[in-house]
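The residues making up each chain are set out below.
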Amino acid sequence: MPIFPKDKKCSGCALEHLGKSFTRPDGDGSCGVYVVAESAGENEAWDGLPLRPYAEAGGMFQRIVTRAGVSRPGLRIYNTVQCRPPGDDLDWRRPYAIPAIRHCAQAHLHPDIRAMQPRVILALGNVPAREFTGLSGKKLGISYIRGYVYPTALGIPCIPTFHPSFLRHGKTSYMGVVIHDLQRAVAYARGEWQPRSRTKRYHEVTSLDGARAVLTEIRAHPDLLLAYDIETYLSAQGEDEDSPLMYAGALTVEDEQNEFAALDEGYLEGQRKVRGSALEGRIKSVQLSLRQDEGWYFPFQDDFIPIIRETLEDTPNSKAGHNAWWFDDKKLAEAEIRPRGKELHDTM
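Bear in mind the structure is a predicted one, so any value in this text is a computation, not a measurement.

Before going further, it helps to examine the overall build of the protein. Helix and strand content of the protein: 11 helices and 10 strands. Residues counted as buried form 48% of the 348 residues belonging to the protein. Within the protein, contacts between residues at least 6 apart in sequence are counted, and of these 74% link residues at least 24 apart. Surface accessibility of the protein: about 16,800 Å² in total, with carbon and sulfur atoms responsible for 50%.

As structure tokens, then:
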């Protein structure tokens, strides 16, 4: 099987001599969705095409496409970086990563997107999500921004979602999320779905009177579903499947590397302070929502805890949380709070 030669436009790229093979886009893009992954893996390097159905990440992507009821040939699929980097590693700390991402996007990816003129881009993973959205900073990784529609410099909206390789590494429960995001992208391309412009109301509860007012509001609407979510001191420091380091495409390579170093040091310092301390694993806050686009933030402090307990245990509302049965409910039980209601749901 051949390893494909580099394109002449690879000249001057940081991976020109380090990266293996060269991949070209796959699919005719007739459904209007342009799927962008990260870089070529071993099987992709041999075939010269992205996300091969018999490869690890490509096989997971094929399962997602099949379960979503989408025709793979109708998608246009490409990588942010067209070759296979050393060790399949595009971590920003590698001296080649940021320059290669920028070069490959400008030389190969963006021209093909302009030629195809898709209606929407589906970005698989942090690398293409950073490239297209330019988002930078803590809590702006895939698990925070996925499923939403963002503008891009190309004038084509982008919907980020998880990379299939993330699902392969013990996160198969997120498959339904990626299926949903792919279906959303297809519906957007067909004109069957548009994000609604909403006014979001998020209230920080700072007084006991305010907390009691929220409890009164929830009691007044016993038939509404009450959603809840907790944040621990560790999760507040960015402990998530995402790295807190974001690729900000508007900066120079040197500025980006400096920004990443500063973000990384702040993240690690926060982790060092929390890990091994009395705060590790403790609940920092509880967030409640009774209606879409409206929520309340309760500090998990002594005076507020009885009201939080009464809200979650004694109101008749059905309750729902994401990964609640495996995480939130266990942490709440440590504080002797056990959510009850007509029905209990875990949205994961």
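Look at helix 2 (residues 56-68) against helix 7 (residues 175-190): their axes get within 9 Å of each other, and the N-to-C directions meet at 60°. In terms of orientation, helix 2 lies oblique with respect to helix 7. As for how helix 2 packs across helix 7, the hand of that crossing is right-handed. Of helix 7, the residues touching helix 2 (which contributes Met-60, Arg-63, Ile-64, Val-65, Arg-67 and Ala-68) are Met-175, Val-178, Ile-179, Leu-182 and Gln-183. In terms of residue class, the contact of helix 2 with helix 7 is built from 8 nonpolar, 1 polar and 2 charged.

The subject of this paragraph is the nonpolar core. With 47 residues, the main nonpolar core has Val-33, Leu-75, Leu-167 and Leu-182 as its most contacted residues. No other element matches helix 7, which puts 9 residues into this core. Setting aside its immediate chain neighbours within four residues, Leu-75 contacts Asp-26, Gly-27, Asp-28, Gly-29, Cys-31, Val-33, Val-35, Phe-61, Val-65, Val-70 and Leu-182.

A few words now on the sheet that holds strand 2 (residues 76-81). Read from one edge of the open sheet, 4 strands run 2-1-3-4, paired in parallel fashion. Of all the strands in the sheet, just strand 2 and strand 4 (158-161) have a single pairing partner and so form its edges. Direction aside, the axes of adjacent strands within the sheet are offset by 25° on average.

All right, on to the confidence of the model for the protein then. Scored by pLDDT, the protein has a mean of 86; 84% of the residues are at 70 or more. Confidence over residues 237-253 falls short of pLDDT 50; this stretch has 69 contacts with residues more than four positions distant or in other chains.

Cut-offs applied
Just so you know, the residues in each chain are numbered from 1, in the order the chain's sequence is written. Totals for whole chains, interfaces and linings use every residue, but because this is a predicted model, local features are given only for residues with pLDDT of at least 70 and side-chain atom pairs only at 80 or more, for both listing and counting. Values shown for side chains rest on all heavy atoms present in the structure; no hydrogens or waters enter the calculation. Secondary structure elements are taken from DSSP: a helix is a run of H or I of four residues or more, a strand is a run of E of two residues or more, and numbering for both begins at the N terminus. Relative accessibility under 20% of the residue-type maximum defines a buried residue, over 50% an exposed one, and the middle range a partly exposed one, all with a 1.4 Å probe and only protein chains included. In this description, contact between two residues means that some pair of their heavy atoms is separated by no more than 4.5 Å. Per-residue and other accessible areas follow the Shrake-Rupley method at a 1.4 Å probe size, with only the shown protein chains counted as cover for residues. Axis geometry follows a simple rule: fit a line to the C-alpha atoms, using only the stretch in contact for helices, then measure angles between N-to-C directions, giving values from 0 to 180 degrees. Relative orientations are named as follows: roughly parallel for angles under 35 degrees, roughly antiparallel for angles over 145 degrees, roughly perpendicular for angles from 65 to 115 degrees, and oblique for any other angle. Crossings are classed by handedness, with left-handed meaning an anticlockwise turn of the near helix from the far one by less than a right angle and right-handed meaning a clockwise turn. Three classes are used: nonpolar for Ala, Val, Leu, Ile, Met, Phe, Trp, Tyr, Cys and Pro, charged for Asp, Glu, Lys and Arg, and polar for all others, with Gly counted as polar. What makes a nonpolar core is a set of buried Ala, Val, Leu, Ile, Met, Phe, Trp, Tyr and Cys residues whose side-chain atoms join them at distances within 4.5 Å. Two strands qualify as a pair provided DSSP detects at least 2 bridges between them. Confidence of the predictor in every single residue is expressed as pLDDT, which spans 0 to 100.

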